Structure formats: C-alpha cells, structure tokens
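Take a look at the letters that make up each chain.
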Amino acid sequence: MPQKILTDSLLRKISEKKWMHSFELLPGVVTPGVWGHIDSGKLFDEIYALPKNMTGLSVLDIGTLDGVHAFEAERRGATVTAMDIQSPDVTGFNLASEVIGSKVQYVQGSCYDLGALQGKFDIILFFGVW
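For clarity, every value in this text was computed on a predicted model and none was experimentally measured. (Residues numbered from 1 in each chain as written. Predicted model: local features only at pLDDT ≥ 70, side-chain atom pairs only at ≥ 80, totals over all residues. Heavy atoms only, no water.)

S.K.: Now, about the environment of N94: what can you tell me, with residues and values included?
M.R.: Relative to the assigned elements, N94 resides in helix α5 (residues 93-100). Excluding residues within four positions of it along the chain, N94 makes contact with P88 and D89. Polar contacts involving the side chain of N94 include one to the side chain of D89, which spans 2.8 Å. (Helix = DSSP H or I, 4+ residues; strand = E, 2+ residues; numbered from the N terminus. Contact = heavy atoms within 4.5 Å. Polar contact = N/O pair within 3.5 Å; in protein donor to acceptor, adjacent residues only side chain to side chain.)

S.K.: Outline the sheet that holds strand β4 (residues 79-84), supporting the account with residue identities and numerical values.
M.R.: What the four strands build is an open sheet, ordered β5-β4-β3-β6; its pairing is parallel. Every other strand in the sheet has two partners, leaving β5 (105-108) and β6 (123-126) as the edge strands with one partner each. For this sheet, the mean inter-axis angle between neighbouring strands, taken without regard to orientation, is 20°. Pairing of strand β3 (residues 58-62) with β4 involves five bridges; the strand directions are parallel. Bridge pairing links I62 to M83 in β4. Each of β3, β4 and β6 is contacted by helix α3 (residues 68-75), which is oriented at about 175° to β4, the strand it contacts most. (Pairing = 2+ DSSP bridges. Axes fitted to C-alpha atoms, helices over the stretch in contact; angles between N-to-C directions.)

Functional significance is not addressed by these values, which are geometric in nature.
Encoded structure:
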C-alpha cells in the first residue's frame, strides 16, 4: 500500500508541471509531454552518435527544459550542467531530478550568459533552442 500512495503522489506532482518532453522517469511512470515521447538514448545512439560511455566527460545541455537529454548524459556517466532560461520548477526539471536522484547541476540563464559558466565542456548539447 505505501508504494501505491507514493505513486499516486508522484503522479499528482507530475500532472502539476509543464512538461515539453514525454519520457519515462521510472519504470511505468511517464511524463506527459507537449511535444510527445522522446527516447534520448536512441537519439544519442542513432542520430547524434554520442558515446555510450561518457564517464569522465563534462557535458553542457543548453536549453534543457525538463532535462531529458541532460539526464541521459548523466546516466551514461557524464558530469552534466543543464542550462535554461526558465525556472527548473516550472519545467519539471527539479521534480525529475529528485525522482531519479540526479546530480545534474542546473543553471538558470540565457545562452548569452555562457561566459559566466565555470570550466570547459567536452560535449555541448544545443537542441531546439529558440
């Protein structure tokens, strides 16, 4: 019964956020995305030819929105900084991060603010920034 309560609570929280991408947070728990379902793993492998093992790499995801690509890079072992102009609470980023136990660092800002970021990045993701 406690698992059901946790799931109901999580589903309520998910429904309260504005998700642009639909993706699986946990097995059987999928976000409702305005742009439809996205499989970052498949995109990374089949379209962008990104490494399956990103251990030791530093990744910057500009325009992260709800973090679907940032979380995939982290799952592959990268240290990830995610950047977006919107609040991570509005987009669902913070909720997704909490649910999956992510350590992705979120920076709220414009792509014109890149000079303020510290460090260098091995891979920069820049998908669909308007």
